[in-house]
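A look at the structure
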Amino acid sequence: MKKVILSIAAGSAFLVSCGPKSTAVTGPKYTASEQLVQGKTIFENSCSRCHKLPDPAKHDDQGWIKTLSRMAPKAKLSDDQHQMVYDYLISVNKK
């Protein structure tokens, strides 16, 4: 029993040490052109620091939710920035 409690505590400490996660995006929020332009700028400036920019058509809406949930914390995006990037990417896909 003691080992179980210790392993649960160690696992919890590991999860906490992984750092904050960005709030999950569940769908579009920003639709104003100024916010979409800001999302594009954040996407171009933040994502290109570490890798080549992916084509917005690479993923559908759900694919971008999964990808951005993984990448936004690495790019140190705030929840609003995460949402704006998502909204920009899906707006480009719908054109």
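Data block above holds the structure.
This report concerns the structure included in the present document. Just so it is clear, the structure is predicted and the values come from calculations on it, not from any experiment.

**Details of helix H3 (residues 61–71)**
Listed in full, the buried residues belonging to H3 are Gly63, Trp64, Ile65, Thr67 and Leu68. Tucked inside the fold, the buried residues of H3 contact helix H4 (79–93). For H3, the side-chain oxygen to backbone nitrogen distance between the N-cap and Gln62 is 3.3 Å, and the N-cap itself is Asp60.

**A closer look at the packing of aromatic side chains**
Under the definition given, this model contains one aromatic pair. Consider the rings of Phe43 and Tyr88, whose centres lie 5.9 Å apart with planes at 45°: the pair is tilted. In this pair, Phe43 sits in helix H2 (residues 33–47) while Tyr88 sits in helix H4, placing the two residues 45 residues apart along the sequence. Accessibility classification places Phe43 together with Tyr88 in one group, the buried group.

**Points about a positive patch on the surface**
Together, Lys58, Lys66, Arg70 and Lys74 line one region of the surface with positive charge. Looking at the element boundaries, Lys66 is found in helix H3. Judged by relative accessible area, which is 64%, Lys66 ranks as exposed.

**Quick word on the packing of H2 against H4**
Interhelical geometry of H2 versus H4 gives an angle of 100° and a closest axis separation of 7 Å. Accordingly, the angle class assigned to the pair H2 and H4 is roughly perpendicular. Taken together, the residues of H4 that come into contact with H2 (itself represented by Gln35, Leu36, Gln38, Gly39, Lys40, Ile42 and Phe43) are Gln81, Met84, Val85, Asp87, Tyr88, Leu89 and Ser91. Residues belonging to the contact of H2 with H4 are distributed by class as follows: seven nonpolar, five polar and two charged.

**Looking at the packing of H3 against H4**
Viewed as axis vectors pointing N to C, H3 and H4 meet at an angle of 150°, and their least axial separation amounts to 10 Å. Viewed along their axes, H3 and H4 adopt a mutual orientation that is roughly antiparallel. For H3 against H4, the interelement crossing comes out right-handed. Between H3 and H4, the residues in contact are Asp61, Trp64, Ile65, Leu68 and Ser69 and His82, Val85, Tyr86, Leu89, Ile90 and Asn93, respectively. Residues of the contact of H3 with H4, tallied by class, amount to seven nonpolar, three polar and one charged.

**Notes on the nonpolar core**
Phe43, Trp64, Leu68, Leu77, Val85, Tyr86 and Leu89 are the most contacted members of the largest nonpolar core, which totals 14 residues. Going through the elements one at a time, H2, H3 and H4 are the ones with two or more residues in this core. Top contributing element to this core by residue count: H4, with five residues.

Cut-offs applied
Residues numbered from 1 in each chain as written. Predicted model: local features only at pLDDT ≥ 70, side-chain atom pairs only at ≥ 80, totals over all residues. Heavy atoms only, no water. Buried < 20%, exposed > 50% of the residue type's maximum accessible area, 1.4 Å probe, protein only. Helix = DSSP H or I, 4+ residues; strand = E, 2+ residues; numbered from the N terminus. Contact = heavy atoms within 4.5 Å. Polar contact = N/O pair within 3.5 Å; in protein donor to acceptor, adjacent residues only side chain to side chain. Phe/Tyr/Trp six-rings, centres within 6.5 Å; stacked < 30°, edge-to-face > 60°. Patch = residues over 30% accessible without salt bridge, like charges linked within 9 Å, V, L, I, M, F, W, Y side chains within 5 Å. Areas by Shrake-Rupley, 256 points an atom, 1.4 Å probe, with all protein chains shown as cover. Salt bridge = Lys/Arg side-chain N within 4 Å of Asp/Glu carboxyl O. Lys, Arg positive; Asp, Glu negative; His and termini not counted. Charge placed at Lys NZ, Arg CZ, Asp CG, Glu CD. Axes fitted to C-alpha atoms, helices over the stretch in contact; angles between N-to-C directions. Parallel < 35°, antiparallel > 145°, perpendicular 65-115°, else oblique. Nonpolar A, V, L, I, M, F, W, Y, C, P; charged D, E, K, R; others polar. Left-handed = near helix turned anticlockwise from the far one by under 90°. Core = buried A, V, L, I, M, F, W, Y, C linked by side-chain atoms within 4.5 Å.

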